[in-house]
Amino acid sequence: SQQGEEDPQALSIQEGENATMNCSYKTSINNLQWYRQNSGRGLVHLILIRSNEREKHSGRLRVTLDTSKKSSSLLITASRAADTASYFCATDGPGGGADGLTFGKGTHLIIQP
Amino acid sequence: DAGVIQSPRHEVTEMGQEVTLRCKPISGHNSLFWYRQTMMRGLELLIYFNNNVPIDDSGMPEDRFSAKMPNASFSTLKIQPSEPRDSAVYFCASRLGTIAGELFFGEGSRLTVL
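Residues numbered from 1 in each chain as written. Chains lettered and ligands numbered in written order. Predicted model: local features only at pLDDT ≥ 70, side-chain atom pairs only at ≥ 80, totals over all residues. Heavy atoms only, no water.

## Digging into the overall build of chain B
Moving on, step 1. Looking only at helices and strands, chain B has zero helices and 11 strands in total.
Moving on, step 2. In sequence order, chain B lays out its α and β elements as β-β-β-β-β-β-β-β-β-β-β.
Moving on, step 3. Taken over the C-alpha trace, chain B has a radius of gyration of 13 Å; the compact-globule value for 114 residues is 13 Å, and the two agree within 12%.
Moving on, step 4. Reported as C-alpha extents along the three principal axes, the dimensions of chain B are approximately 40 × 25 × 25 Å.
Moving on, step 5. The buried share among the 114 residues of chain B stands at 46%.
Moving on, step 6. Put simply, of all contacts in chain B between residues at least 6 apart along the chain, 54% involve residues at least 24 apart.
Moving on, step 7. Put simply, chain B shows about 5,600 Å² of open surface, and 52% of that area lies on carbon and sulfur atoms.
Moving on, step 8. Of the charged side chains in chain B, 11 are positive and 13 negative, and the gap between their average positions amounts to 2 Å. (Helix = DSSP H or I, 4+ residues; strand = E, 2+ residues; numbered from the N terminus. Rg over C-alpha atoms; globule rule 2.2 N^0.38 Å. Buried < 20%, exposed > 50% of the residue type's maximum accessible area, 1.4 Å probe, protein only. Contact = heavy atoms within 4.5 Å. Areas by Shrake-Rupley, 256 points an atom, 1.4 Å probe, with all protein chains shown as cover. Lys, Arg positive; Asp, Glu negative; His and termini not counted. Charge placed at Lys NZ, Arg CZ, Asp CG, Glu CD.)

What follows is the structure, given as structure tokens:
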């Protein structure tokens, strides 16, 4: 079963607007990661946030983590057409950091020029 | 660095045929993962290796699937015999350490079984 579930499944916004995607997970984690996947390509790592962190920034990306609610959000500010992609959250497996990551089904983001 | 290299990028085969997918991880990475992606099930972890040793293959769907990592620079995922429901994109990913950290994905192998 999926550990992380992204919401919404699809999001379409105008270029320049901010895009927010949410992720909920079920079990305790050591860290949570966000990945981007362009159509027909492999996944690319965006950002990692540890369980003892609440917020992290990287360029136009802002990630928050609320372990009490078992949820995370990814904010992309000042969106660009090139941000059109699917975005996935990923969490540690039951064995902690030594396991592979469990991915949600993703949010498909479309940036309208 | 060339990144994770997968081959073939696309394969079309007929039901019952053997399929072998190949992966070359990033040099120096100690963990390797095989994932399968479908629209219905999303990304599923099939198996992963730490230092060339299979750690967890509980995600391998059936005995028709097998994976090997004979050395640090090469891994294979084999399906024998293949079935139409195996049609998916298969990704290989590597990680520098054996505990935590980001995964580096290849571009995937798109398999179509007719």
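## Describing the overall build of chain A
Moving on, step 1. When helices and strands are tallied, chain A shows zero helices and 11 strands.
Moving on, step 2. In sequence order, the secondary structure elements of chain A are arranged as β-β-β-β-β-β-β-β-β-β-β.
Moving on, step 3. Taken over the C-alpha trace, chain A has a radius of gyration of 13 Å; the compact-globule value for 113 residues is 13 Å, and the two agree within 12%.
Moving on, step 4. A principal-axis box enclosing the C-alpha atoms of chain A has dimensions of 45 × 30 × 20 Å.
Moving on, step 5. Residues classed as buried in chain A amount to 48% of the 113 residues present.
Moving on, step 6. Sequence separation of at least 24 residues holds for 55% of the intrachain contacts in chain A that already meet a minimum separation of 6.
Moving on, step 7. If you sum the accessible surface of chain A, you get close to 5,200 Å²; carbon and sulfur atoms cover 45% of it.
Moving on, step 8. Placing the 12 positive and 11 negative side-chain charges of chain A at their respective mean positions leaves the two points 3 Å apart.

## Considering the layout of surface pockets
Moving on, step 1. Roughly 740 Å³ of internal volume is contained in the largest pocket.
Moving on, step 2. In terms of lining residues, the largest pocket is bounded by 29 residues, among which Gln37, Ser86 and Phe88 of chain A together with Gln37 and Met39 of chain B are the most central.
Moving on, step 3. Split by residue class, the lining of the largest pocket holds seven nonpolar, 15 polar and seven charged. (1 Å grid on protein atoms, 1.4 Å probe; cavity = no way out; pocket = protein on both sides within 12 Å on 5 of 7 lines; lining within 4 Å. Points joined across faces, edges and corners; volume = space filled by probe spheres on them. Nonpolar A, V, L, I, M, F, W, Y, C, P; charged D, E, K, R; others polar.)

## What to know about the state of the cysteines
Residue and element names in this part refer to chain B.
Moving on, step 1. Tallied over the entire structure, the rule returns two disulfides over all chains.
Moving on, step 2. Put simply, Cys23 and Cys92 are joined by a disulfide, and their sulfur atoms are 1.9 Å apart. On the sign convention where negative means left-handed, the S-S torsion of about -65° between Cys23 and Cys92 marks this disulfide as left-handed. Taken together, the positions of Cys23 in strand S3 (residues 19-24) and Cys92 in strand S9 (residues 88-95) put the pair 69 residues apart, joining distant regions of the chain.
Moving on, step 3. The exposure class assigned to Cys92 is buried, which follows from its relative accessible area of 0%. (Disulfide = S-S within 2.5 Å.)

## Comments concerning the sheet that holds strand S1 (residues 5-7) of chain B
All names here are of chain B.
Moving on, step 1. With antiparallel pairing, four strands are arranged side by side in an open sheet as S1-S3-S8-S7. Where the open sheet ends on each side, the last strands, each with one partner, are S1 and strand S7 (65-71). Put simply, the sheet's adjacent strands are angled 15° from each other on average, direction ignored.
Moving on, step 2. Pairing of S1 with S3, which is carried by three bridges, proceeds in the antiparallel orientation. Looking at the pairing, Gln6 lines up with Cys23 of S3. (Pairing = 2+ DSSP bridges. Axes fitted to C-alpha atoms, helices over the stretch in contact; angles between N-to-C directions.)

## Let's talk about the environment of Asp66 of chain A
Residue and element names in this part refer to chain A.
Moving on, step 1. Within the secondary structure layout, Asp66 lies in strand S7 (residues 61-66).
Moving on, step 2. For Asp66, a relative accessible area of 27% corresponds to the partly exposed category.
Moving on, step 3. Filtering out sequence-adjacent residues up to four positions away, Asp66 remains in contact with Tyr25 and Ser71.
Moving on, step 4. In this structure the side chain of Asp66 is engaged in a polar contact, spanning 2.5 Å, whose partner is the side chain of Ser68. (Polar contact = N/O pair within 3.5 Å; in protein donor to acceptor, adjacent residues only side chain to side chain.)

## Details of the interface of chain B and chain A
Moving on, step 1. Facing the 22 residues of chain B at the interface are 19 residues of chain A.
Moving on, step 2. The junction of chain B with chain A conceals about 1,600 Å² of combined surface from both sides, 47% of it contributed by carbon and sulfur atoms.
Moving on, step 3. Three residues, Leu43, Phe105 and Glu107 of chain B, lead the burial of chain B against chain A; their summed loss comes to 29% of the area buried on that side.
Moving on, step 4. Linking chain B to chain A there are one salt bridge.
Moving on, step 5. Along the contact surface separating chain B from chain A lie seven residue pairs in polar contact (both at pLDDT 80 or more).
Moving on, step 6. Residue assignment for the side of chain B that touches chain A shows that the elements contributing at least two residues are strand S4 (31-38), strand S5 (42-50) and S9 of chain B.
Moving on, step 7. With five residues, the single largest contributor to the side of chain B that touches chain A is S5 of chain B.
Moving on, step 8. Partitioning the side of chain B that touches chain A into residue classes produces 11 nonpolar, six polar and five charged. (Buried area = accessible area lost by both parts, 1.4 Å probe. Salt bridge = Lys/Arg side-chain N within 4 Å of Asp/Glu carboxyl O.)

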